[in-house]
Structure formats: structure tokens, C-alpha cells
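Working through the structure, step by step
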Amino acid sequence: MLGDDAELTAAVLAAQDGDETAFRAVYRTVHPRLLGYVRTLVGDPDAEDVASEAWLQIARDLDRFSGDADRFRGWAARIARNRALDHIRMRGRRPAIGGDETELTGKPAESDTAGEAMEALATDHTLSLIARLPQDQAEAVVLRVVVGLDAKTAAETLGKRPGAVRTAAHRGLKRLAELLGEDPESNGGLDALPLQREPHGRAVTSASVTHMRARTQKDM
């Protein structure tokens, strides 16, 4: 697992040069949080398959990427979001959008935004609670806190303004703190540590993605 942004940036650059070990390291670092984001969009049953499709595109298009670790996370999140929306369209269902961005843009984010909820956000149970938030809040919370994007990169991913994303994340965290406080399964807690969920079922593995990337490079 890569320890910081500098290491992730270096691993991405090495992966672009064809280093399969580096690509596996990038996958292991980014995938758990990216999967958490996909789960907020399509639900748990389909998340693994959608994330797999996203990683296949990431592997195929990696040579076109340019930037540091934060930009890579944002780029990967945009790919995952597009694959998720494609999946929703094919399934014939649209995401449940709760609230309009326009009502958020005129209201500044507050500084005390239930920050104690952040440590619990990557657990399976808490992600299920995030799914109960309005869609704009759920996406903002997961991109900002779980995926780790800054407001500008998260806004680019969502096609919104940074202020709107910050406000949606603030409101989502505040509501999430309330849900955690009401839920007996949370053990009273906003003190759970993030868990990293291993792929299962038909999900793509880092090895299969590496193989796909190597094959794509040969085809180019």
C-alpha cells in the first residue's frame, strides 16, 4: 500500500511506463475507496462489476493521463462515475437525486461540519447510511472524504462549482452524524476505522487489470 501522494504519483508514472508492479500498487491503493464511491451510485450488488469496468478503462487509457496523485484520483473517479451512470441507464433506473445544486450555491459552508464523522465513512455499514443521503450530498461526502479529493477536483468530477460541493459535503456530514447517532449498529460511534474491502465475485483483480493493460499496450 502506498503511503502518501508522492508515492502514488511516482507509482502512476511508473505504471505509465509499463511497470506492472507499480500498476498493481496503484490499484491496491485507489480501488477500495473508488469502490465505496461506486457503491453510493449503483448499490452494493452491482458495485463490483461497475468498478471492474472502470478499472479496465483506467488501464486502457492510462497513457493519456497527466497529473499528480490527486488528479489521478479525480480522473479515476470521473471514469467510475461515467461507468456507473451508463450502468444505471442500461438498467433503466436513474439515481435518486435529492435536492438541487442551486439551493446550495448561495449558502456558505460552515467550519464545524461534523468532522468527527470522517473516520467512519469507509466502513461498509456507514456507506449504507450514506446511501440514505440525497444523491448530491452522498457523492460530495464520498468524493471529499472517502476518495480524498479536494473541493476543486471533486467539483470537476461532478460538473459543479467547488462551493456547491463543499456545502453539499457539509450538509451530508451533518446528516450522517445524525444517522450514526440514531443507529444502534454504529455502537454510538463515529470512532470506527476505515475498512478496505477486498474484491470478490466477478470483480476484476489487480492481476487481471495488469494483464488487460499489457495487452492494450501491445495493441497500440
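For the structure itself, consult the block above.
A brief report on the enclosed structure follows. (Residues numbered from 1 in each chain as written. Predicted model: local features only at pLDDT ≥ 70, side-chain atom pairs only at ≥ 80, totals over all residues. Heavy atoms only, no water.)

A few words now on the overall build of the protein. Scanning the protein from N- to C-terminus turns up 10 helices and 0 strands. Of the regular secondary structure in the protein, the N- to C-terminal order runs α-α-α-α-α-α-α-α-α-α. Classification of the 220 residues of the protein by burial places 50% in the buried group. Within the protein, counting contacts between residues at least 6 apart in sequence, those at least 24 apart form 76% of the total. (Helix = DSSP H or I, 4+ residues; strand = E, 2+ residues; numbered from the N terminus. Buried < 20%, exposed > 50% of the residue type's maximum accessible area, 1.4 Å probe, protein only. Contact = heavy atoms within 4.5 Å.)

Turning our attention to the packing of helix H7 (residues 135-147) against helix H9 (residues 162-182). Between H7 and H9, the least distance of the axes is 8 Å, while the angle of their chain directions is 95°. Considered as vectors, H7 and H9 are oriented roughly perpendicular to each other. Together, Asp136, Gln137, Ala140, Val141, Arg144 and Val145 of H7 and Val165, Arg166, Ala168, Ala169, Arg171, Gly172 and Leu173 of H9 make up the contact between the two elements. Tallied by class, the residues present in the contact of H7 with H9 amount to 7 nonpolar, 2 polar and 4 charged. (Axes fitted to C-alpha atoms, helices over the stretch in contact; angles between N-to-C directions. Parallel < 35°, antiparallel > 145°, perpendicular 65-115°, else oblique. Nonpolar A, V, L, I, M, F, W, Y, C, P; charged D, E, K, R; others polar.)

With 21 residues, H9 should cover 30 Å at 1.5 Å per step; its first-to-last C-alpha distance of 30 Å lies within 8% of that length. Within H9 the residues assigned to the buried category are Ala164, Val165, Thr167, Ala168, Ala169, His170, Gly172, Leu173, Leu176, Ala177, Leu179 and Leu180. (Expected span 1.5 Å × (residues − 1).)

So, on to the environment of glutamate 7. Following the sequence through the fold, glutamate 7 ends up in helix H1 (residues 5-16). Taking the C-alpha atoms as reference, glutamate 7 lies 9.4 Å from valine 26; in sequence the two are 19 residues apart.

The subject of this paragraph is the packing of aromatic side chains. What the rule picks out here adds up to 5 aromatic pairs. Taken together, a centroid distance of 6.2 Å and an interplanar angle of 90° make the contact between phenylalanine 23 and tryptophan 55 edge-to-face. With phenylalanine 23 in helix H2 (residues 20-42) and tryptophan 55 in helix H3 (residues 44-61), this pair connects stretches of sequence that are 32 residues apart. Residue classification places phenylalanine 23 among the buried residues on the basis of a relative accessible area of 2%. Look at tryptophan 55 and you get buried, because its relative accessible area is 0%. Aromatic pair phenylalanine 72 and tryptophan 75: ring centres 5.8 Å apart, planes at 45°, arrangement tilted. Of this pair, phenylalanine 72 and tryptophan 75 both sit in helix H4 (residues 69-91), 3 residues apart, which is roughly one turn of that helix. Phenylalanine 72 sits in the buried class, given a relative accessible area of 0%. Looking at tryptophan 75, the relative accessible area reads 14%, which means it is buried. (Phe/Tyr/Trp six-rings, centres within 6.5 Å; stacked < 30°, edge-to-face > 60°.)

We now examine the side chain of serine 52. Take serine 52: it is sitting in helix H3. Here serine 52 falls in the buried class, since its relative accessible area comes to 8%. A polar contact is formed between the side chain of serine 52 and the backbone oxygen of glutamate 48, at a distance of 2.8 Å. (Polar contact = N/O pair within 3.5 Å; in protein donor to acceptor, adjacent residues only side chain to side chain.)

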